[in-house]
Amino acid sequence: QASLKSEVKHPYPDWKKGDPVPYAALCTTFSLVELTTKRLEIMAHCSLFLRQVLRLTPDDLLSTVLLMINKLAPDYAGIELGIGESLIMKAIGESTGRSLAVIKQDQKEIGDLGLVAVKSRSTQPTMFKPKPLTVQGVLKGLMGIATVNGNGAQGKKVDGIKKLLSAADSTGNRKVDITKDKGGPSEAKYIVRFLEGKLRLGLAERTVIVSLAHAIVAHEAAQKGGVPSPDDITKGESILKTVYSELPSYDIIIPAMVEHGIQNLREHCKLRPGVPLKPMLAKPTKAITEVLDRFENQTFTCEYKYDGERAQIHYVAKDTDEELSQSAMSVTKEVGKGVAAIFSRNSEDLSKKYPDVLAKLPTWVKEDTKSFVLDCESVAWDVQEKKVLPFQQLMTRKKKDVKVEDVKVKVCVFAFDLLYLNGEAVVEKSLRERRELFHKAFQPVEGEFSFATSMDGQELDDIQTFLDESVKASCEGLMVKMLDGEESGYEPSKRSRNWLKIKKDYLSGIGDSLDLVVLGAYHGKGKRTSVYGAFLLACYNPSTDTYETVCNIGTGFSEAVLEELHGALSQIVIDRPKPFYSHSSGGQHQPDVWFEPKYVWEVKTADLTLSPRYKAGMKEGVDPGGEKGISLRFPRFIKIRDDKKPDEATSSRQVAEMYWKQESVTKSKGPAVDDDF
Ligand code: ATP
């Protein structure tokens, strides 16, 4: 709220109403954010700046927000950022007249290419003053670099980076002491970090969303000559969060918010086919009794928990007057009498992976069903035996450019929820109502499309029997969901207490497996000399945007898997740990090699314990002494989670909750939190 009360200070006197937003002004905000770790201060800096954009150049608001969250486009557009270190080093060298060897040496010493860029620029004499960079111009330049492909793409990328770097910092070429002020508000630093895919400001996307809500509420109040009430602020924040969770597209939301005002945003921005939403997730449980305790006096339903890949299926018939958004059209495929798309758990386009599912879609959609969004699991299917196959079979399917005639592993789609039907979002209806609608709108086709098997019995024995049946049917266990009332609505992007999962193999364990990021490895010994023998894993802390180490792992790998992992991981070796890795610094605890944060592995553990060697959960206060983090005892590798990005790994908070639960602090701390953004 500080940002709302204090006078708006103008960080850039040259920036006049209607001017394009100076990139230097954004970088000043970034550097202020970088100097603090306090969330409220970070939010105040961001919302002040966004207010300024709203007041002076509202047309640039979208570009500004995208640069703040380090994204060029929504995930389903498939635009890959994260340009490799070597290309960036080449561009820094060439644009500043320093040799690659010197740049590499600097990188070794400093460990942050952004700061290497600052150092390189500050030693370079300025011959002429290029035009100052604007937010729009930088976004366009970055987009060009990220999307160029085909012949000579590498060279063109380097040229694109050089062009931006040459124009960077033209508004005030300073000599900065990078060790003292983190490089200051250098444009080159933030351009380079954006290209690497991490701004490292500790600026989580949800903080930007909240700051944006504060900025618009304050701006609207100021236009009426007043200041917003705390109520307005809370309401604005909640509107923007809800709208974003149903329609995670800044391209649609921001222009609508500027045009119609935040209070009217929900009317203009509703869930719609074509824009994938972050799925609802479940909380783990260790015992059926825990489920019964949670749902005491409330009706619930149990469904099989299929072990496949989450698939959100969107469809619009051509003979409706609904218009798919522009962005949706770029990923949807013509299917029968309509267009459709399939999205993954993290909103990536799966349509190229499942053309066979899309081809069959018209057979299970009833004539009157004109548009829908379905939440499903796509599962490998044994055509002969007519039964579900293990997850590993599904993983053998090609991921891209699959041709229907080449498909060897057939899949059956098991739908378990309906989010949108015939022009209307149905997420707020009860699960019972959604189910009814869903049964009327679709017809099952054996081995191709089916409703998730469910059971509404409320007794412990019923659940136990159903759990046994699910295991016999090659499922992972059960999902237990609130069936009636407000709480049974679909909650996009939440890991909710209204969905519980019971997995067959953790009934007596710690509750769930963990999805962890591989940060480093140790060279193998004996039979494993040519591969990595063990690995350092970490969980993700979204509040600080860091990876916190949680275990070393060397169990659960076959020889073949170790070879495959060695091949993939040796491509992403880096000289030293990234500054956003939180790990022990003692020599004997250092892995032999460090990696870019790229791969997520599912890991099981016997239990959790505290150890001075690891950092997980320290910020959550798991150790009152503040010296120990959580570590996994007897961790075992289960599988690679291709469908999760590193920042979707198990969070430090979740690891802490598992630890607390195990310590028989049975109450889960705090309400359901946004899990994925
Ligand atoms: P997990 O490793 O358990 O899949 P996760 O983090 O991907 O973890 P969870 O919320 O823990 O997601 O578990 C729910 C997942 O189970 C969903 O993402 C979905 O892919 C799958 N699933 C299978 N059957 C169902 C069902 N009937 N209802 C909901 N989700 C289901």
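You'll find the structure just up there.
Residues numbered from 1 in each chain as written. Predicted model: local features only at pLDDT ≥ 70, side-chain atom pairs only at ≥ 80, totals over all residues. Heavy atoms only, no water.

### Considering the environment of glycine 554
For the record, the criterion: Here a strand is any run of E in DSSP of at least two residues, a helix any run of H or I of at least four, and the numbering for each starts at the N terminus. What makes two residues a contact is simply this: any of their non-hydrogen atoms within 4.5 Å.
Mapping glycine 554 onto the fold places it in the loop between strand 16 (546–553) and helix 22 (559–569). Spatially, the C-alpha atoms of glycine 554 and phenylalanine 580 are 24 Å apart, while their sequence positions differ by 26 residues. Contact partners of glycine 554, with chain neighbours within four places excluded, come to Arg528, Gly533 and Ala534.

### Remarks on the sheet that holds strand 12 (residues 477–482)
Under the convention used in this document: DSSP-based pairing: two strands are paired if at least 2 bridges between them are found. Fitted lines through C-alpha atoms serve as axes, helices being fitted only where they are in contact, and the angles separating the N-to-C directions of these axes extend from 0 to 180 degrees.
Taken together, five strands build an open sheet; the order of strands is 1-13-12-2-11 and the sheet is mixed. Both outer strands of the open sheet, strand 1 (281–284) and strand 11 (454–455), are each paired with one neighbouring strand and no more. Two elements, strand 2 (residues 300–305) and strand 12, share six bridges in a ladder whose sense is antiparallel. Bridge pairing in strand 12 places threonine 301 opposite lysine 481. Relative to the sheet, helix 20 (residues 431–441) contacts strand 2, strand 11 and strand 12, its axis offset from that of strand 2 by approximately 55°.

### Some thoughts on the packing of aromatic side chains
For any pair of aromatic rings, the description consists of the separation of the ring centres together with the inter-plane angle of the planes. Heads up, the rule is: Only Phe, Tyr and Trp rings are paired, with Trp represented by its six-membered ring, and only when their centres lie within 6.5 Å; those with planes under 30 degrees apart are stacked, over 60 edge-to-face, the remainder tilted. Relative accessibility under 20% of the residue-type maximum defines a buried residue, over 50% an exposed one, and the middle range a partly exposed one, all with a 1.4 Å probe and only protein chains included.
One pass over the full model with this rule turns up 32 aromatic pairs. On the numbers, 6.1 Å between centres and 75° between planes, the contact of phenylalanine 416 with tryptophan 499 is edge-to-face. Note that phenylalanine 416 is positioned in strand 8 (residues 411–421) and tryptophan 499 in strand 13 (residues 495–503), a separation of 83 residues in sequence. Measuring from ring centre to ring centre gives 5.5 Å for phenylalanine 580 and tyrosine 581, while their planes differ by 85°; the resulting arrangement is edge-to-face. Like phenylalanine 580, the residue tyrosine 581 is buried in the burial classification.

### Quick word on the environment of valine 365
Turning to its location among the elements, valine 365 is positioned in the loop between helix 18 (355–364) and strand 6 (371–382). For valine 365, a relative accessible area of 11% puts it in the buried group. Considered as a pair, valine 365 and glycine 554 are 189 residues apart in the sequence and their alpha carbons are 47 Å apart. Discounting chain neighbours no more than four positions away, the residues touching valine 365 are Phe372, Ala441 and Phe442.

### Some points on the environment of glutamate 303
Filter applied, for reference: A 3.5 Å cut-off defines polar contacts: any pair of N or O atoms within that distance qualifies, except that in protein one atom must be a possible hydrogen donor and the other a possible acceptor, and neighbouring residues in sequence count only when both atoms are side-chain atoms.
Relative to the helices and strands, glutamate 303 resides in strand 2. The buried category is assigned to glutamate 303, whose relative accessible area is 3%. Placed 158 residues apart in sequence, glutamate 303 and isoleucine 145 show a C-alpha to C-alpha distance of 46 Å. For glutamate 303, the residues in contact, after removing those within four places along its chain, are Phe416, Arg435, Ala452, Thr453, Ser454, Phe466, Gly477, Leu478, Met479 and Lys481. A polar side-chain atom of glutamate 303 sits 3.2 Å from a polar atom in the side chain of arginine 435.

### Quick notes on the site of the ligand
As a reminder, the rule being used: We call a residue near a molecule or strand whenever a single non-hydrogen atom of that residue lies within 4 Å of it. All accessibility values rest on the Shrake-Rupley procedure with a 1.4 Å probe; residue burial counts only the protein chains present in the view. Under the convention adopted here, Pro, Cys and the residues Ala, Val, Leu, Ile, Met, Phe, Trp and Tyr are nonpolar, Asp, Glu, Lys and Arg are charged, and Gly plus all remaining residues are polar.
The local shell around the ligand holds 18 residues, among which Ala282, Arg345, Glu377, Lys481 and Lys501 are the closest. One of the backbone nitrogen or oxygen atoms of tyrosine 306 is found 3.0 Å away from a nitrogen atom of the ligand. Here the ligand, which alone exposes 590 Å², has 95% of that area covered by the protein. Among the secondary structure elements, those contributing two or more residues to the shell around the ligand are strand 1, strand 2, strand 12 and strand 13. Ranked by residues supplied to the shell around the ligand, first place goes to strand 13 with four residues. Split into classes, the residues belonging to the shell around the ligand amount to seven nonpolar, no polar and 11 charged.

### Some details on the side chain of serine 496
Assignment of secondary structure puts serine 496 in strand 13. A relative accessible area of 1% means that serine 496 is categorised as buried. A polar contact of 2.6 Å, which involves the side chain of serine 496, links it to the side chain of glutamate 491.

### Some points on the pattern of salt bridges
Note the threshold: Any Lys or Arg side-chain nitrogen located within 4 Å of an Asp or Glu carboxyl oxygen qualifies as a salt bridge.
Taken as a whole and judged by the stated rule, the model has 48 salt bridges. Of the charged contacts in the structure, one is a salt bridge between arginine 434 and aspartate 417, with a shortest N-O distance of 2.7 Å. Of the two residues, arginine 434 is situated in helix 20 and aspartate 417 in strand 8; the sequence distance between them amounts to 17 residues. The same class applies to arginine 434 as to aspartate 417, namely buried. Where salt bridges share partners, they join Glu34, Glu85, Asp112, Lys189, Arg193, Glu196, Arg200, Lys578 and Glu596 into one cluster.

### Description of empty space enclosed by the protein
Keep this limit in mind: Cavities and pockets were defined on a 1 Å grid built over protein atoms only: a cavity is a set of grid points that admits a 1.4 Å probe from which the probe cannot escape, a pocket is an open set flanked by protein on both sides within 12 Å along at least five of seven lines, and lining residues are those with an atom within 4 Å of any such point. Grid points are joined across faces, edges and corners, and a volume is the space filled by probe spheres set on the points.
Scanning the model with the defined rule gives five cavities of 30 Å³ or more in all. Roughly 130 Å³ of volume is contained in the largest cavity. Looking at the largest cavity, it is lined by 15 residues, and the ones nearest its centre are Lys71, Pro74, Asp75, Tyr244 and Pro248. Of the residues belonging to the lining of the largest cavity, the class tally is nine nonpolar, two polar and four charged. Of the volumes computed, that of the second largest cavity is approximately 50 Å³.

### Re the packing of helix 4 (residues 61–68) against helix 14 (residues 250–260)
Our working rule: Roughly parallel covers angles under 35 degrees, roughly antiparallel covers those over 145, roughly perpendicular covers 65 to 115, and oblique covers all other angles. In this scheme the crossing of two helices becomes right-handed for a clockwise turn of the near helix relative to the far one and left-handed for an anticlockwise turn of less than a right angle.
Contact geometry of helix 4 with helix 14 gives a least axis separation of 9 Å together with a crossing angle of 135°. Here helix 14 runs oblique to helix 4, going by the angle between their axes. Seen along the crossing, helix 4 lies across helix 14 with a hand that is right-handed. Across the interface between the two elements, Leu61, Leu62, Val65 and Leu66 from helix 4 touch Tyr250, Asp251, Ile254, Met257 and Val258 from helix 14. Across the contact of helix 4 with helix 14, the residue classes break down as eight nonpolar, no polar and one charged.

### What about the state of the cysteines?
As a reminder of what qualifies: Working definition: a disulfide is two cysteine sulfur atoms within 2.5 Å of each other.
Applying the stated criterion across every chain yields a total of zero disulfides. In this structure cysteine 27 is a free cysteine whose sulfur lies 13 Å from that of cysteine 46, the closest cysteine sulfur available. With no disulfide of its own, cysteine 412 lies 10 Å from the sulfur of cysteine 376, the closest cysteine sulfur.

### What to know about the pairing of strand 2
Within strand 2, six of the six residues are buried, which leaves the element mostly enclosed by the surrounding structure. Bridge count for strand 2 against strand 11 is two bridges, and the pairing is antiparallel. Bridge pairing in strand 11 places cysteine 302 opposite methionine 455.

### Section: the layout of surface pockets
Estimated volume of the second largest pocket: approximately 700 Å³. As for the second largest pocket, its lining consists of 28 residues, of which Thr37, Arg200, Leu201, Gly202 and Thr544 are closest to the centre. For the lining of the second largest pocket, the secondary structure elements donating two or more residues are helix 3 (39–56) and helix 12 (205–223). Taken together, the residues of the lining of the second largest pocket sort by class into nine nonpolar, eight polar and 11 charged.

### Overview of the nonpolar core
Rules: Side-chain atoms within 4.5 Å link the members of a nonpolar core, which is a set of buried Ala, Val, Leu, Ile, Met, Phe, Trp, Tyr and Cys residues.
Counting 81 residues, the largest nonpolar core has Tyr23, Leu61, Leu67, Leu142, Ile191, Leu240 and Leu265 as the members making the most contacts within it. Non-local contacts of leucine 265, meaning those with residues more than four positions away in its chain, are made with Ile239, Leu240, Val243, Ile253, Ala256 and Met257. With 35 residues, the next largest nonpolar core counts Leu271, Ala282, Cys302 and Ile502 among its residues.

### Looking at helix 12
Put simply, the test is: By definition here, a helix of n residues has an expected span of 1.5 Å times n minus one.
Its 19 residues place the ends of helix 12 27 Å apart at the C-alpha level, agreeing with the 27 Å of an ideal helix rising 1.5 Å per residue. The element helix 12 is extensively covered by neighbouring structure, given that 16 of its 19 residues are classed as buried. Residue glycine 225 follows helix 12 closely and has a positive phi angle near 80°.

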